[in-house]
Each structure stands twice: as structure tokens, then as C-alpha cells.
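A look at the structure
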Amino acid sequence: QKIELERKEENEKRLQLEYRNVQLELKSLQNQINPHFLFNCMNMIMKQAYMEKASQTQHITEAIARYLRSVLDQEGEIVTIHQELQQIKNYLDIQELRFGSRFRYQLNCDSQCRSLNVPFMILQPLVENALYHGIKYKRSRGMIEITGTKEGENLYLTVADDGVGMDEDELKKLGKEISRPCKETESGFGLANVNERIRMYFG
């Protein structure tokens, strides 16, 4: 029975990975439909903003173009931490233009971590939560800090903010939610997605 159960679990993991691969292939095909049209539109907006001396519009369009380019250029599901942090930087640059001076951020990663591999965009749901559930409701200027450290065989990636936070009951409820499959999750979908993807790749 134990062997049969292990076989079923392995088979379920394999099917989940196959399903994920199909999703990635579909996403890749969708991204290839007309990326040149998208960037031509972005360039047109940037040129128009330059002609109209709308520097803020020009800056945010450039930031969005960099972010989209990095997403469309990403071929696989696994990236280095250096690439992941660059993607986070692109995302936060856009949000800084949107939120103005309401927050600042720091990226601190040990040099020995930067070449290690992680699933693509594994940090973004955490950064989004820090921004939209923590910093957004803070009256004073907030801070988001992303750190990466390696201790022995373990890699620690941390997203921290000094926003409004949550109480103990909310924390316990969220802890239960993120351990469930994404499709069954009522709240905390982004965190459940992160948890599920890490388990699929690393056990």
C-alpha cells in the first residue's frame, strides 16, 4: 500500500508538471502572436510623450516596455536569482512611478546566491502583497526590502515591508490558505501559487 501510494503521488506530480508545461507552451505561443506590434505601440507612445514634453509618461512607458520585454524574452520557467531580481527591479520601478514617493525599496543579495536557480517570477506575488497590503495603507513613506542569503545547502529569499501588517488571526488563516491547492484557495492566491510551484520543483 505504501509503494502504491508513493507511485500515485509521483504520478500526480508528473501530471502536474506536464500540465504546467502545457500552460507554459500556450503562454509562449500567445506571447509570440504579435510582440512586435506591442513594442511598436510602446515606442510610438514614448515618441509622442517626448514630442509633447510629457517626461513622466515617457519614463513610465519605458519602464513598462523593459518589464514586458523581460517577460517575453524569458524562454524557460527557471531563472537565476540575478535575473529574478532584475525583473523585480523593473516591476518596482513602474510602481515607484505610480505611487510617487510613497515607498522606496532595496535589493540585497549575497554574491554567492545570484547564480542559483529559482522558478521565474517566484518573488513577484510576495512583492505585490508587500506593496498592496502593507505599504498602500501606510500613512508615511514605506520600505520594501528583498534579500537573498545562502546558509549551508539552504537558500533564503525574504520580502519584508514596514507597512500596516496583519494580526495573529489573519496570519493563521493565511497560513492555512496557502497550504491548499491554488484552485481551492479563497484568499492569498498569489502566496498559494508560490508555495505550490516551489513544491512542484523542489519537493
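All of the points below concern the structure found in this document. (Residues numbered from 1 in each chain as written. Predicted model: local features only at pLDDT ≥ 70, side-chain atom pairs only at ≥ 80, totals over all residues. Heavy atoms only, no water.)

1. Focus on the environment of Ala65
Following the sequence through the fold, Ala65 ends up in helix α3 (residues 55-73). The exposure class of Ala65 is buried, given its relative accessible area of 11%. Here the alpha-carbon distance between Ala65 and Ile94, two residues 29 residues apart in the chain, equals 10.0 Å. Those residues in contact with Ala65, other than ones at most four positions away along the chain, are Phe39 and Met42. (Helix = DSSP H or I, 4+ residues; strand = E, 2+ residues; numbered from the N terminus. Buried < 20%, exposed > 50% of the residue type's maximum accessible area, 1.4 Å probe, protein only. Contact = heavy atoms within 4.5 Å.)

2. Things to note about the side chain of Arg197
Locating Arg197 in the fold gives a position in helix α7 (residues 189-202). Relative accessible area serves as the criterion here: at 7%, Arg197 is assigned to the buried category. When sequence neighbours within four positions are dropped, the list of residues in contact with Arg197 reads Arg20, Glu77, Pro119, Phe120, Met121 and Ile122.

3. Looking at the pattern of salt bridges
With the rule as written, the count across this model stands at 5 salt bridges. We note a salt bridge from Glu4 to Arg7, for which the minimum N-O separation is 2.7 Å. Taken together, the positions of Glu4 and Arg7, both in helix α1 (residues 2-32) and 3 residues apart, correspond to about one turn of that helix. The exposure class of Glu4 is partly exposed, given its relative accessible area of 38%. For Asp93, the salt bridge goes to Arg66, with nearest N and O atoms at 3.9 Å. Residue Asp93 is located in helix α4 (residues 81-99), and its partner Arg66 is located in helix α3; the two are separated by 27 residues in the primary sequence. The class for Asp93 is buried, based on a relative accessible area of 14%. Each of the salt bridges in this network shares a partner with another, and the network as a whole consists of Arg66, Lys89 and Asp93. (Salt bridge = Lys/Arg side-chain N within 4 Å of Asp/Glu carboxyl O.)

4. Describing the packing of aromatic side chains
This model, assessed by the stated rule, comprises 4 aromatic pairs. On the numbers, 6.0 Å between centres and 70° between planes, the contact of Phe99 with Tyr132 is edge-to-face. Here Phe99 is found in helix α4, whereas its partner Tyr132 is found in helix α5 (residues 124-135), with 33 residues between them in sequence. The exposure class of Phe99 is buried, given its relative accessible area of 11%. Aromatic side chains Tyr201 and Phe202 sit 6.4 Å apart centroid to centroid with 50° between the ring planes, which places their arrangement in the tilted category. Through a chain of ring-to-ring contacts, the aromatic side chains of Phe99, Phe103 and Tyr132 assemble into a single cluster. (Phe/Tyr/Trp six-rings, centres within 6.5 Å; stacked < 30°, edge-to-face > 60°.)

5. Looking at a negative patch on the surface
A cluster of acidic side chains, namely Glu6, Glu9, Glu10 and Glu12, defines a negative patch on the protein surface. Relative to the helices and strands, Glu9 is located in helix α1. (Patch = residues over 30% accessible without salt bridge, like charges linked within 9 Å, V, L, I, M, F, W, Y side chains within 5 Å. Areas by Shrake-Rupley, 256 points an atom, 1.4 Å probe, with all protein chains shown as cover. Lys, Arg positive; Asp, Glu negative; His and termini not counted. Charge placed at Lys NZ, Arg CZ, Asp CG, Glu CD.)

6. Digging into the nonpolar core
With 27 residues, the main nonpolar core has Leu92, Phe103, Leu131, Ile144 and Ile146 as its most contacted residues. Only α3, α4, β2 (103-109), α5 and β4 (142-151) provide two or more residues apiece to this core. Ranked by residue count, the leading element in this core is α4, at 7 residues. If we ignore the near neighbours within four places in the chain, the residues touching Leu131 are Tyr91, Gln95, Phe99, Phe103, Lys136 and Ile144. (Core = buried A, V, L, I, M, F, W, Y, C linked by side-chain atoms within 4.5 Å.)

7. Considerations on the packing of α3 against α4
For the pair α3 and α4, the least separation of the axes is 9 Å and the interaxial angle reads 155°. Comparing the axis directions of α3 and α4 gives the class roughly antiparallel. Every pair of crossing elements has a handedness; the one defined by α3 and α4 is left-handed. The residues of α4 that touch α3, namely those facing Gln56, His59, Ile60, Ala63, Ile64, Arg66, Tyr67, Ser70 and Val71, are Gln87, Asn90, Tyr91, Asp93, Ile94 and Leu97. (Axes fitted to C-alpha atoms, helices over the stretch in contact; angles between N-to-C directions. Parallel < 35°, antiparallel > 145°, perpendicular 65-115°, else oblique. Left-handed = near helix turned anticlockwise from the far one by under 90°.)

8. What about the side chain of Gln87?
By secondary structure assignment, the location of Gln87 is in helix α4. Ignoring anything within four residues of it in the chain, the contact list for Gln87 reads Tyr67, Ser70, Val71, Phe120 and Met121.

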